[in-house]
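# Structural description and commentary
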Amino acid sequence: MNTVSSLDTKSNDTATVLGSDLSPSHRADLLLDIRNLTLHYGKSLALNNVCVQVPNSGVVCIIGANGAGKSSILRALVGLSPLTSGEIWFKGQNISGRPTPQIVGMGIALVPEGRQLFPHLSVCVNLKLGASTRNDKDGVAQDLEAIFQLFPRLRERTKQKAGTLSGGEQQMLAIGRALMARPKLLCMDEPSLGLAPLIIEQLGEVIREINGKGVAVLLVEQNVKLALGVANRGYALQVGSVVLQGEIQTMMNSDIVRKAYLGG
């Protein structure tokens, strides 16, 4: 992974600023296409004309300070916050305004900020709740085994209550629960929050492994080192607006990212 010290100290900011950098001819290759998304909470503007695209494979990150609107994008995407204007397209279908269970059933899963597990239920029950929209009993059993292979620690704690797990183990469980829905797109909201540096490094490896199995990832993160280390492409958000987007190396060479997020 590239480090701050390896960045060019001269400006090489060729990333696209504002708007969508993909032409309509490229949209057929997109898994997710968020178009000109505007969102309000009451009278407060949370997102202003935001465009985000995720291709059929790869990892896309959204970075920004606390309160920039990163989580609002994910809330709108999974149907938890109504759009003021704009459209959200997934697998070529307009999913704007659809109910959350339908969106999950189409192949989008969310690992929420703070994990939001059921603390008094066992690890195994929490995982199975992630498959609540599915009817394939054999497939659920196979996926449960796959989760235990991805996170062996969870196999050791299947009967343990989720609330008694360590922070890292809880994050494993939250990711595993989301994967039980068999998503095409895994959305992760601040997964590194509250984790030790070593666990964050392991989290990066997990994200790469999940993506290697064919699941696209949309990662919202304040930890820019993690985000830029695992993503192929990124967006920088400030006060509800996209101020920069591009391939990861271009993002890392950008004055905007270096000065605002990397301390350069």
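Note that the structure is predicted; figures quoted are calculated from it, not measured.

Reading the values: the criteria
- Each chain carries its own residue numbering, running from 1 in the written order of its sequence.
- Only residues with pLDDT of 70 or above have their local features reported here, since the model is predicted, and side-chain atom pairs are shown and tallied only from 80 upward, although totals for entire chains, interfaces and linings are computed over all residues.
- Think of the side-chain values as coming from all heavy atoms in the structure, minus any hydrogens and water.
- Note: two strands are recorded as paired if DSSP finds a minimum of 2 bridges between them.
- Only DSSP runs of H or I reaching four residues or more are called helices, and only runs of E reaching two or more are called strands; each is numbered from the N terminus.
- Orientation is described by axes fitted as lines to C-alpha atoms, over the contacting stretch for helices, and by angles from 0 to 180 degrees between their N-to-C directions.
- Along the chain, pLDDT gives the predictor's confidence residue by residue, from 0 to 100.
- Any two residues having at least one pair of non-hydrogen atoms within 4.5 Å are treated as being in contact.
- Each residue is placed in one exposure class: buried if its accessible area under a 1.4 Å probe, protein chains only, is under 20% of its type's maximum, exposed if it is over 50%, and partly exposed if it falls in between.
- Between N or O atoms, a polar contact is any pair within 3.5 Å; within protein, one atom must be a potential hydrogen donor and the other a potential acceptor, and residues adjacent in sequence are included only when both atoms are from side chains.
- The residues that make up patches have over 30% relative accessible area and no salt bridge, and they are joined within 9 Å when like-charged or within 5 Å when they are Val, Leu, Ile, Met, Phe, Trp or Tyr.
- Working definition of accessibility: Shrake-Rupley area with a 1.4 Å probe, residue cover restricted to the visible protein chains.
- One speaks of a salt bridge when a side-chain nitrogen belonging to Lys or Arg is within 4 Å of a carboxyl oxygen belonging to Asp or Glu.

Here the focus is the sheet that holds strand 6 (residues 108-111). In spatial order, the strands read 6-7-8-3-9-10; together these six strands make up an open sheet with mixed pairing. The two strands at the open ends of the sheet, each matched to only one other strand, are strand 6 and strand 10 (241-247). When strand polarity is set aside, the average angle formed by the axes of neighbouring strands in this sheet is 15°. By the bridge criterion, four bridges tie strand 3 (residues 59-63) to strand 9 (residues 233-238) in an arrangement that is parallel. Bridge pairing in strand 9 places isoleucine 62 opposite tyrosine 235.

Glancing now at the confidence of the model for the chain. With 88% of its residues at a pLDDT of at least 70, the chain reaches an overall mean of 87. Segment residues 1-25: pLDDT under 50, and 46 contacts once partners within four positions in sequence are set aside and those in other chains are kept.

The subject of this paragraph is the sheet that holds strand 2 (residues 44-55). In space, the four strands of this open sheet follow the order 2-1-4-5, with antiparallel pairing throughout. What marks the edges here is a single partner per strand, and that holds for strand 2 and strand 5 (93-94). Across the face of the sheet, helix 1 (residues 70-77) comes into contact with strand 1 (30-41), strand 2 and strand 4 (85-90) while running at roughly 110° to strand 1.

The subject of this paragraph is unusual backbone geometry. The phi angle of most residues is negative, glycine excepted, and most peptide bonds adopt the trans form. Even without being glycine, glutamine 116 reaches a positive phi, approximately 50°. Of note, glutamine 116 is situated in the loop between strand 6 and helix 3 (123-129). With a phi angle near 45°, valine 239 is a residue other than glycine that sits in the positive phi range. Structurally, valine 239 can be placed in the loop between strand 9 and strand 10. Owing to a relative accessible area of 77%, valine 239 belongs among the exposed residues under this scheme.

Attention now moves to the environment of arginine 155. Residue position: arginine 155 is located in helix 5 (residues 152-156). Residues arginine 155 and leucine 144 lie eleven residues apart in sequence; the distance between their C-alpha atoms is 9.6 Å. Of the polar contacts made by the side chain of arginine 155, one reaches the side chain of glutamate 145; its length is 2.7 Å.

Another point: a nonpolar patch on the surface. A contiguous nonpolar patch, built from Phe118, Leu121, Val125 and Leu129 and spanning about 300 Å² of accessible area, is present on the exposed surface. Residue placement: leucine 129 occurs in helix 3.

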